[in-house]
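Overview (structure and organization)
Spelled out, the chains give:
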Amino acid sequence: IIDKENKYSDNFNNAEMSIFFGVKNASLGLDEEIQLGKFIIPTDTTIRKIASIQLVGDSVLSKLDKPTNGVNTSGKPYALVSWCCDECGVELALTEAEFNALSNNSSYMFYITSESSLKTYRDIVMYVSQIMGGFATDTNDGKLTFKVYSSSNKVFNINNDTIASSKLGDSSYK
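So, here's what we can say about the structure. (Residues numbered from 1 in each chain as written. Predicted model: local features only at pLDDT ≥ 70, side-chain atom pairs only at ≥ 80, totals over all residues. Heavy atoms only, no water.)

Topic: helix α1 (residues 77-88)
Quick reminder of the rule: Think of it this way: any DSSP run of H or I at least four residues long counts as a helix, any run of E at least two long counts as a strand, and we number them from the N terminus. Between the first and last residue of a helix there are one fewer steps than residues, each counted as 1.5 Å, and that sum is the expected span. Type-normalised accessible area, obtained with a 1.4 Å probe on protein chains alone, sets the label of each residue: buried when under 20%, exposed when over 50%, and partly exposed for intermediate values. Throughout, the arc means the angular range of directions from the helix axis out to the C-beta atoms. Contacts between residues were defined by any pair of non-hydrogen atoms, one from each residue, lying within 4.5 Å.
Between its terminal C-alpha atoms α1 stretches 17 Å, which fits the 16 Å expected from twelve residues at 1.5 Å a residue. Those residues of α1 that sit buried are Pro77, Tyr78, Leu80, Val81, Cys84, Cys85 and Cys88. Looking down the long axis of α1, one finds its buried residues gathered within 165° of arc, a one-sided arrangement. Of the surrounding elements, those touching the buried residues of α1 are β6 (73-75), α2 (96-100), β7 (110-112), α3 (121-132) and β9 (144-148). Following α1 by one or two positions, Gly89 has its phi on the positive side, about 70°.

Spelled out as structure tokens, the structure:
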């Protein structure tokens, strides 16, 4: 494994690991690479053997497991999330405008006291995602993003033709 200075590194503690899937085919003119994820290698999890090295990776969002140490703070949801990201070294995938467009609740002020049950920055991110009506996750390149649940009045009607030609897994029903 080579570090950023092109030198062999024997210390993987807290290193960042990015996993890519690539396709190369010169005859078809293909040279594509897709990032599948970005992970952190926790301290003392590397297993070395003569012919191999086993690495264990945690989501980059594990950086949010840092304790808040009883902080008292307040702010609108974007400000709270941005603060958490700054404190933990996590990059936010959304701009303030994109974040605020997710929910009408983004315009309200929220308060967090030292007496609250929110003990880590991950707890605060979880709290904000609930306020926004959704959940927090990481992107393939290791950035924090938010997804909201949408409400829909659409109804999917299942009629006899749909039931009669259903396919479940590898089995067809007719």
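A few points about the sheet that holds strand β2 (residues 30-40)
Note the following rule: Think of it this way: DSSP has to see at least two bridges between two strands before they count as a pair.
Strand order in this open sheet of three strands is β1-β2-β5, and the pairing throughout is antiparallel. The sheet is open, and its two edges are formed by β1 (16-25) and β5 (58-59), each paired on a single side. Examined bridge by bridge, β2 and β5 share two bridges and lie antiparallel to one another. Bridge pairing in β5 places Phe39 opposite Ser59.

Focus on the pairing of β9
Direction of pairing for strand β8 (residues 134-138) relative to β9: antiparallel, over a ladder of five bridges. Residue pairing in the sheet places Phe135 in a bridge with Lys147 of β9. The antiparallel pairing of β8 with β9 creates a hairpin that spans five residues between the two strands, and Gly142 there sits at a positive phi of about 80°.

Things to note about the side chain of Thr145
Mapped onto the secondary structure, Thr145 falls in strand β9. Given the relative accessible area of 8%, Thr145 is considered buried. Dropping the residues within four chain positions of it, Thr145 is found in contact with Ala93, Leu94, Phe135, Ala136, Thr137 and Thr139.

Comments concerning the state of the cysteines
Definition in use: Note on terminology: disulfide denotes any pair of cysteine sulfur atoms within 2.5 Å.
Using the criterion set out here, one finds zero disulfides in the structure. Looking at Cys84, it has no disulfide partner, and the nearest cysteine sulfur is the one in Cys88, 6.4 Å off.

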